[in-house]
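Chain residues, written in single-letter form:
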Amino acid sequence: MSDQIEDLKTEDISSVERTPPIPSELPILPLRDTVLFPNSFMPLAVARESSVRLIDDAIGNGKLIAVFTQHDAAVEEPHQADLYAVGTATHIHKMFKLPDGSLRLIVQGLARVQMRQVLSTHPYLRARVDAVAEGTVEADRLEIDALARNIRTNFQQVVSLSPLLSDDLQTLAMNIAEPGRLADFIASNLTTISAAVKQEVLETLDIRGRMDKLNRILIKELEVLELGSKIQSQVQSEVGKNQREYFLREQIKAIQKELGEGDDQTKEVEDLAEKIEAAGMPEPAKKEALRELDRLSKMPPAAAEYTVSRTYLDWLVGLPWVKRTNEVIDLPHTKQVLDADHSGLEKAKDRILEYLAVRKLNPDVKGPILCFVGPPGVGKTSLARSIAEALGRKFVRVSLGGMRDEAEIRGHRRTYIGALPGQIIQGLRRAESKNPVFILDEIDKLGSDFRGDPSSALLEVLDPEQNNTFRDHYLDVPFDLSEVLFITTANVLDPIPPPLRDRMEVLEIAGYTEEEKLKIATEHLVDKQVKNHGLTLEQLIFTPASLHQVIRGYTREAGVRNLEREIGAICRKAARRRAEGNEKALKVTPDLVIDMLGAPKFLDEEMEERTKDPGVAIGLAWTPAGGEVLFIEASRMAGAGSLTLTGQLGDVMKESARAALSWLRTHAREYGINPEFFKSAELHVHVPSGAIPKDGPSAGVTMAAAMASILTRRSVRGDMAMTGEITLSGRVLPVGGIKEKVLAARRVGINEVILPKQNAKNVNEDLTPELRQGLTVHLVSTIDEVLALALQPASSDKPPITKRKDAKLTGRVASSRHGVARA
């Protein structure tokens, strides 16, 4: 914008444009601490709502406005009495709109005008103005020429002494022949004089009087600038004196050194030397520390590098090079601590106990890099804290969620202002131990951008073969991380890069069963929330039935965070009752839960009601928050042979639907389906909850069952759910998330599930005895077996549904495709 203004100024000086006629009525733009002169260009910032409206109207109506300076810049809504009487008629050359709604203008003053009468004040000022005629120069021509010459000379001197004025102004002033325009030009460009003084020049209509007033102003400015130049010379001489004193002080320091007398800097250097010796650094780090200390001792405290060097040495001596936490490996005690803090999570607990057992036999063994993977709220972070407590080690936690800068892990190099080590080194300094339990939380939430990839920086940190020589960019010396027990947490493994995933031992932590949630609530959550709300267990009593009601009706999650919130909500309402004077002990029952928390958020759907009509099958899906039950609906209609898929399905899920249809068309005769049905019919497969994206191959068997149901007019059993990937040859392939899917089925009251035969190991290892209680698992390897189990008989008579007390892994008899396996 400044370049455009300079071009406009040059154009204005070189060619005198003819002033257009000034209308008698103009909108009034008030200015704060700014005076616009005729024939000059100026940038203006407009932010008032009324002023923005004024400019918008003026742009479409000739671009002519009148600007008047305010007496007091603090007045927000000025009226005629708040403005000077003389202003300038102005033409708007350019307008720029900013994102915040304000405007930037480039305007040109045209002529002096005087405000006579305000016509309106809303939405902005509008007034009747008169153009003001300037005096003539013919009567005092010689005197005016002399004044013009003095003004030019004084202005040149002011420009040469002032650092705020451009040297080009001298040339521009020399090219102005008209005395009135010369005076206006110079007054407009003097940035050091006040708006009130400029307004006096603007209101002086007599050209001789205006030039005389401007000449006095220039003389005063010249005196001030010459005095400032004199003061600057004195300051420079004072600086020379200070440098001389500096050299003398350095000589005094040298004399004190010869005499054995020290100063503060010498004592500081000696203290640092003692700390370096006591830190127990390895040889490379000690060598670097001593080299930096030698630089520091030769550096004046006032130097900019002094603080940088001192901070670096503070970090080196503050790290736990040899400090360790003495751990006592007591396996029974460790197991007791882990069991007291967490219910379930047996795999993770067993892995920790195995590590401690090996460490007890071989203290030099390197610690594992464990990765706890599971839905939110299942206790991954708190389990790591319990591990640190059980081992007697310090605990450090760093959240990696949203981290995008590689320097957050490795640190910044010391060349940057405000550089610091990375989070790994900072965490060890906070722990004051070189063998803490170090948790890297939310490792699946790491990002990357132009600043680097933090996950790549973690490759060295989480590799036991490399991290014994970890080199932070800030320290630039190796540090041994091999004694740190690193534990990472994640909700899903997919976002973690394969090289990083390969360095970690993954322990999957599935969601909790209702029984486990009830145990956690009874042993941990109720006691915690009751105490947090100022109550006691005698004042507020939770019954098992009430907790079951909260678990089933108000939370549907893999973890227990929402369960804890709902228990806290009940405690708050109980606390309010006591605060209002009801001192009676409160026993929480299922009915009271509904009274306090409102209607249940989750109602158990009637599965058999949903599946009573052909074409609806119940599937099982895995989500980062745990397992979910999935309904898949199929419909047949007349058409030209097409398959419609809806429900926001991903590509893999769509391919599963096409594979299921192709298999059914291939085996249509075996199920009493007309092989030519697809020529005159269309199939529509829909997965409800259309706002939620869905993908994956595990719904293949469910889609096949839904299509077979609608084509054979045989309903799918409503007490059975299924999962598994299918192939064109009719095979059922294994899928993941078995425990989460079975938990989802149990939550809605389904006690029979169809699983791929190759997932038998997951059933045996992942499903606890409590989860298997009353559960029937059918292991299948072909689609034929799925349909034989899932489809109701063709007749209306349905066989009774048998309830089993113990879980069974069922199959066909020996004469069928596979044998029978039982739990």
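Only a predicted model underlies this, so the values are computations on that prediction, with no experimental measurement involved.

1. Remarks on the overall build of the chain
Thinking step 1. The helix and strand tally for the chain stands at 28 helices and 25 strands.
Thinking step 2. In summary, the chain has a C-alpha radius of gyration of 42 Å against a globular reference of 28 Å for 823 residues, an excess of more than 25%.
Thinking step 3. Its C-alpha atoms put the chain at 130 × 95 × 65 Å along the principal axes.
Thinking step 4. Within the span of the chain, comprising 823 residues, buried residues form 48% of the whole.
Thinking step 5. Pairs at least 24 apart in sequence give 73% of the contacts found in the chain among residues at least 6 apart.
Thinking step 6. For the chain, the accessible surface area stands at approximately 40,900 Å², while carbon and sulfur atoms represent 50% of it.
Thinking step 7. Taken as two groups, the 107 positive and 118 negative side-chain charges of the chain have centres that lie 6 Å from each other.

2. Some words on the pattern of salt bridges
Thinking step 1. For the coordinates displayed, the defined rule picks out 36 salt bridges.
Thinking step 2. Here Arg-397 ties to Asp-441 by a salt bridge, and the two come within 3.0 Å at their closest N and O atoms. Residue Arg-397 is found in strand S8 (residues 395-399), and its partner Asp-441 is found in strand S9 (residues 437-441); the two are separated by 44 residues along the sequence.
Thinking step 3. For Arg-397, a relative accessible area of 39% corresponds to the partly exposed category.
Thinking step 4. Judged by relative accessible area, which is 3%, Asp-441 ranks as buried.
Thinking step 5. Notably, a salt bridge pairs Arg-410 with Glu-460, separated by 2.9 Å at the nearest N-O pair. Of this pair, Arg-410 sits in helix H14 (residues 407-410) while Glu-460 sits in helix H16 (residues 454-461), placing them 50 residues apart in sequence.

3. Regarding helix H21 (residues 590-597)
Thinking step 1. All buried positions along H21 are accounted for by Leu-592, Val-593, Met-596 and Leu-597. Seen from one end, H21 has its buried residues packed into an arc of 115°, which puts them on one side. For H21, the exposed residues set more than 90 degrees away from the buried face come down to Asp-591 and Asp-595.

4. Regarding the packing of helix H3 (residues 141-161) against helix H5 (residues 179-189)
Thinking step 1. Across the interface, H3 lies against H5 with an axial gap of 11 Å and an inter-helix angle of 25°. In terms of orientation, H3 and H5 fall into the roughly parallel class. As for the relative orientation of H3 and H5, their crossing is left-handed in sense. On H5, the residues touching Ile-144, Ala-148, Ile-151, Arg-152 and Phe-155 of H3 are Pro-179, Leu-182 and Ile-186.
Thinking step 2. Taken together, the residues of the contact of H3 with H5 break down into seven nonpolar, no polar and one charged.

5. A short note on the sheet that holds strand S7 (residues 370-373)
Across a sheet, strands are paired by hydrogen bonds formed along the backbone, either parallel or antiparallel in direction.
Thinking step 1. Across the sheet, five strands lie side by side as S8-S9-S12-S7-S13; this open sheet has parallel pairing. What marks the edges here is a single partner per strand, and that holds for S8 and strand S13 (505-508). Averaged over all pairs of adjacent strands, the angle between their axes in this sheet comes to 20°, without regard to strand direction.
Thinking step 2. Direction of pairing for S9 relative to strand S12 (residues 485-490): parallel, over a ladder of four bridges. Bridge pairing in S12 places Ile-439 opposite Ile-487.
Thinking step 3. Its contacts with the sheet place helix H13 (residues 380-391) against S7, S8, S9 and S12, and it is angled at close to 165° to S12.

6. Remarks on the packing of helix H20 (residues 561-579) against H21
Thinking step 1. For the pair H20 and H21, the least separation of the axes is 10 Å and the interaxial angle reads 85°. The orientation of H20 relative to H21 falls into the category roughly perpendicular. Here H20 contributes Glu-566, Ala-569, Ile-570, Lys-573, Ala-574 and Arg-577 to the contact with H21, which in turn contributes Leu-592, Val-593, Asp-595, Met-596 and Leu-597.
Thinking step 2. Residue composition of the contact of H20 with H21, grouped by class: seven nonpolar, no polar and four charged.

Rules used in this analysis
- Residues numbered from 1 in each chain as written.
- Predicted model: local features only at pLDDT ≥ 70, side-chain atom pairs only at ≥ 80, totals over all residues.
- Heavy atoms only, no water.
- Helix = DSSP H or I, 4+ residues; strand = E, 2+ residues; numbered from the N terminus.
- Rg over C-alpha atoms; globule rule 2.2 N^0.38 Å.
- Buried < 20%, exposed > 50% of the residue type's maximum accessible area, 1.4 Å probe, protein only.
- Contact = heavy atoms within 4.5 Å.
- Areas by Shrake-Rupley, 256 points an atom, 1.4 Å probe, with all protein chains shown as cover.
- Lys, Arg positive; Asp, Glu negative; His and termini not counted.
- Charge placed at Lys NZ, Arg CZ, Asp CG, Glu CD.
- Salt bridge = Lys/Arg side-chain N within 4 Å of Asp/Glu carboxyl O.
- Arc of directions from axis to C-beta.
- Axes fitted to C-alpha atoms, helices over the stretch in contact; angles between N-to-C directions.
- Parallel < 35°, antiparallel > 145°, perpendicular 65-115°, else oblique.
- Left-handed = near helix turned anticlockwise from the far one by under 90°.
- Nonpolar A, V, L, I, M, F, W, Y, C, P; charged D, E, K, R; others polar.
- Pairing = 2+ DSSP bridges.

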